[in-house]
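Read off the chains here:
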Protein chains: 2
Amino acid sequence: MIQTPYLLFLGDAPDQLSAKVAQGIKDWRPDNAVGQFRMDGCAADVGIKDMTLEEGLAAGAKTLVIGVANRGGYISQEWKSVLIQALEMGYDLASGLHNLLGEEGDLVAASQVNGRTLHDVRVPNVEYPIANGKKRTGKRVLAVGTDCSVGKMYTALALDEAMQKKGMKSTFRATGQTGILITGSGVPLDAVIADFMAGAVEYLTPDNDADHWDIIEGQGSLMHVSYSGVTLALVHGGQPDALILCHEPTRPHMRGLPDYKVPTMQQIMDLALPLAKVGNPDCKVVGISVNTQHFSEEEAVAYLAKVEAEMGLPAVDPFRHGAERLADALAAL
Amino acid sequence: MIQTPYLLFLGDAPDQLSAKVAQGIKDWRPDNAVGQFRMDGCAADVGIKDMTLEEGLAAGAKTLVIGVANRGGYISQEWKSVLIQALEMGYDLASGLHNLLGEEGDLVAASQVNGRTLHDVRVPNVEYPIANGKKRTGKRVLAVGTDCSVGKMYTALALDEAMQKKGMKSTFRATGQTGILITGSGVPLDAVIADFMAGAVEYLTPDNDADHWDIIEGQGSLMHVSYSGVTLALVHGGQPDALILCHEPTRPHMRGLPDYKVPTMQQIMDLALPLAKVGNPDCKVVGISVNTQHFSEEEAVAYLAKVEAEMGLPAVDPFRHGAERLADALAAL
């Protein structure tokens, strides 16, 4: 569990896109961020107050979160001088970078001398159990995609927001590093040892109130040959009561796999539902989330209407139109 | 790659069953073992020549393989005195124990001083790539089971033997520690990081002659909620041309999961085939391997005939009757 609130470290971000983690925190958990810290030459701005490390502390920040991708495959000396100063002032650090904070001797030393914690959310810090498959109380919904990076995390976060607005009990359960940094906890599923994947998902979504929904962030796709095993561990470890299909309709091929066509939503539904019923015989597909970013508003509305008619399920783009109808579908279960 | 041939260390095995790894090596790769090394009180005997460490060396042994389970969750001092002596004499050591040789300071020191290698086959020693899904040359067959521990490794090894006898080109590809020790190489798939599982299977089964078959050892089951993700990585990383269904008909429930019924062979086929066709559209189920150890010969023959009629596929128990008909089915593809 990462201590909140955060000060968001944007460093010397070369562009807005590289600050995607900071932007995600600001968009989805604005109360988790007291401000942003930008170095000279920073080209990103997530639209919250600029603060020095001192101002962040005064505003209550507990953790400096690296909200930006690093360059060149290493952590620069310019960054490190800020990070070490932050540790000396009493901040914990949190990062989802491939370069681990815990493998940088000077950061480790500074954290130890100052009694602070380095959170590398890309690697697990828990010994997860082997899944036992026992039925858990509470309800769970899982986002399953036709491909990687089609908007499963966004869909889950938007659904959580919509459910909260309706007064439903829900918790977003992060399974990737961006989601973990946004919410402060979760399981970095792609870094878990194979035997413990499903057990990690069970650990992430324990017994809960009968009317509480865990909204589980999806990963990969059952038809993406590089990562499908991770996806199936989510389907079986998550015991979902409900699935939401996520799709991006303009992909020329599966992400990273030029020889593989993106499957149809029907294909994924036909695969995912029988697999999900192994862990939860009552599982249903309740809705469809389409990422229409490459469509005009008119195209998007027409496409969503067509999908809705063909599949007989509510079809929305949560980015354009919100996730209320998906929340309604869960409430109606 | 573990250097062969081996001397098989049986230690102070309490019974025959605990020497299952040594027995597997003797049964399937007798040329890999020059003899067995037994300590006082050893109650196991795999039926090959007893040798001292000196005799093993003289017979050409390169590696002392721990062919027996240890007791009490640690490696005893009695074992260690033998293991250290072996390292000093020039043996490498290989082990599939949960207690890693590489975490025992005295063994590590002795291996370093003597320039020997400690092989812990339970943990990967390769940085596997992320799967790229590219079509590979050569053919592959994968054993898929209705449950864990139904005889997938045995089926694959028996099939390899039958294919060799027919003069077909084949290689058994181990994916678990016992199989790795038997053949000297492989991938300990259950210990691989999630993101790299399918890539590890691609690595294990590279391009080969057009008429060569990789016989891939299966793991888990697509319907075993604890391990299904590992199984799917085999289905997608392996790009199998052929699947062999493995079943044990007397299980009261899935192994380790009292609340889960064992699926039918038809259910597994209906799940596995569409998933396998993602990676290889030509994949076919070519045969069924039934573990009839709890049946009399008469019951076994009747059961196999019934399965064969119902499924329209050759159904054999390779332990009772050999795997020739499965090899024939592959030859006919």
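Whatever comes next refers back to the structure up there.
The sections below set out a description of the structure shown in this document.

Rules behind the numbers
Residues numbered from 1 in each chain as written. Chains lettered and ligands numbered in written order. Predicted model: local features only at pLDDT ≥ 70, side-chain atom pairs only at ≥ 80, totals over all residues. Heavy atoms only, no water. Least-squares fit on C-alpha atoms with pLDDT ≥ 70 in both. 1 Å grid on protein atoms, 1.4 Å probe; cavity = no way out; pocket = protein on both sides within 12 Å on 5 of 7 lines; lining within 4 Å. Points joined across faces, edges and corners; volume = space filled by probe spheres on them. Helix = DSSP H or I, 4+ residues; strand = E, 2+ residues; numbered from the N terminus. Nonpolar A, V, L, I, M, F, W, Y, C, P; charged D, E, K, R; others polar. Buried < 20%, exposed > 50% of the residue type's maximum accessible area, 1.4 Å probe, protein only. Pairing = 2+ DSSP bridges. Right-handed = clockwise from strand over helix to strand, strands pointing away. Phe/Tyr/Trp six-rings, centres within 6.5 Å; stacked < 30°, edge-to-face > 60°. Contact = heavy atoms within 4.5 Å. Buried area = accessible area lost by both parts, 1.4 Å probe. Salt bridge = Lys/Arg side-chain N within 4 Å of Asp/Glu carboxyl O. Polar contact = N/O pair within 3.5 Å; in protein donor to acceptor, adjacent residues only side chain to side chain. Axes fitted to C-alpha atoms, helices over the stretch in contact; angles between N-to-C directions.

## Some details on the relation of the copies chain A and chain B
- Superposition record for chain A on chain B: RMSD 0.0 Å, screw rotation 180°, translation along axis 0.0 Å. Such a turn and shift between the copies fits a two-fold axis.

## A closer look at empty space enclosed by the protein
Residue and element names in this part refer to chain B.
- For the coordinates displayed, the defined rule picks out one cavity of 30 Å³ or more.
- Here the largest cavity defines a volume of roughly 40 Å³.
- Val 141, Leu 142, Ala 143, Thr 155, Ala 156, Leu 159, Ile 215, Ile 216 and Ile 244 together form the lining of the largest cavity.
- Those elements that place two or more of their residues in the lining of the largest cavity are strand 6 (139–145), helix 5 (152–165) and strand 8 (212–216).
- Looking at the lining of the largest cavity, its residues break down into eight nonpolar, one polar and no charged.

## A closer look at the pairing of strand 10 (residues 284–290) of chain A
All names here are of chain A.
- Among the seven residues in strand 10, six count as buried, and that is most of the element.
- In this sheet, strand 10 lies alongside strand 9 (residues 242–247) in parallel orientation, the contact comprising six bridges. Counterpart to Cys 246 in the pairing with strand 10 is Ser 289.
- In this fold, the crossover linking strand 9 to strand 10 by way of helix 9 (residues 265–279) has right-handed handedness.

## What about the packing of aromatic side chains?
- Applying the stated rule across the entire model yields 12 aromatic pairs over all chains.
- One aromatic cluster in this structure is built from Phe 9, Phe 37 and Trp 79 of chain A.

## Focus: the interface of chain A and chain B
- Across the contact, 33 residues belong to chain A and 33 residues belong to chain B.
- Of the roughly 2700 Å² buried at the junction of chain A and chain B (both faces included), carbon and sulfur atoms supply 63%.
- Of all residues in chain A, Asp 195, Val 225 and Val 278 of chain A bury the most surface against chain B, accounting for 18% of the area lost on that side.
- Here chain A and chain B share zero salt bridges between them.
- Run the count over chain A and chain B and you get 10 residue pairs in polar contact (both at pLDDT 80 or more).
- Among the secondary structure elements, those contributing two or more residues to the side of chain A that touches chain B are helix 7 (197–204), helix 8 (228–238) and helix 9 of chain A.
- Across the side of chain A that touches chain B, the residue classes tally to 22 nonpolar, nine polar and two charged.

## Thoughts on the sheet that holds strand 10 of chain A
Residue and element names in this part refer to chain A.
- Strands sit in the order 7-8-6-9-10-11 across an open sheet of six strands; the sheet is parallel. The sheet is open, and its two edges are formed by strand 7 (169–173) and strand 11 (315–316), each paired on a single side.
- Across four bridges, the pairing between strand 6 (residues 139–145) and strand 8 (residues 212–216) is parallel. Across the sheet, Lys 139 pairs through a bridge with Trp 213, a residue of strand 8.
- Across the sheet, helix 5 (residues 152–165) is in contact with strand 6, strand 7, strand 8, strand 9 and strand 10; its angle to strand 7 comes to roughly 160°.

## What about the sheet that holds strand 1 (residues 6–11) of chain B?
All names here are of chain B.
- Strands sit in the order 2-1-3-4-5 across an open sheet of five strands; the sheet is parallel. Edge positions in the sheet fall to strand 2 (33–38) and strand 5 (118–120), since each has one partner strand and no second. For this sheet, the mean angle separating the axes of adjacent strands, direction not counted, is 20°.
- With five bridges joining them, strand 1 and strand 2 adopt parallel strand pairing. Among the inter-strand pairings, Gly 11 is bridged to a residue of strand 2, identified as Arg 38.
- Its contacts with the sheet put helix 1 (residues 20–28) on strand 1, strand 2 and strand 3 (63–66), and the angle it makes with strand 1 is roughly 150°.

Shape descriptors only; they carry no functional weight alone.
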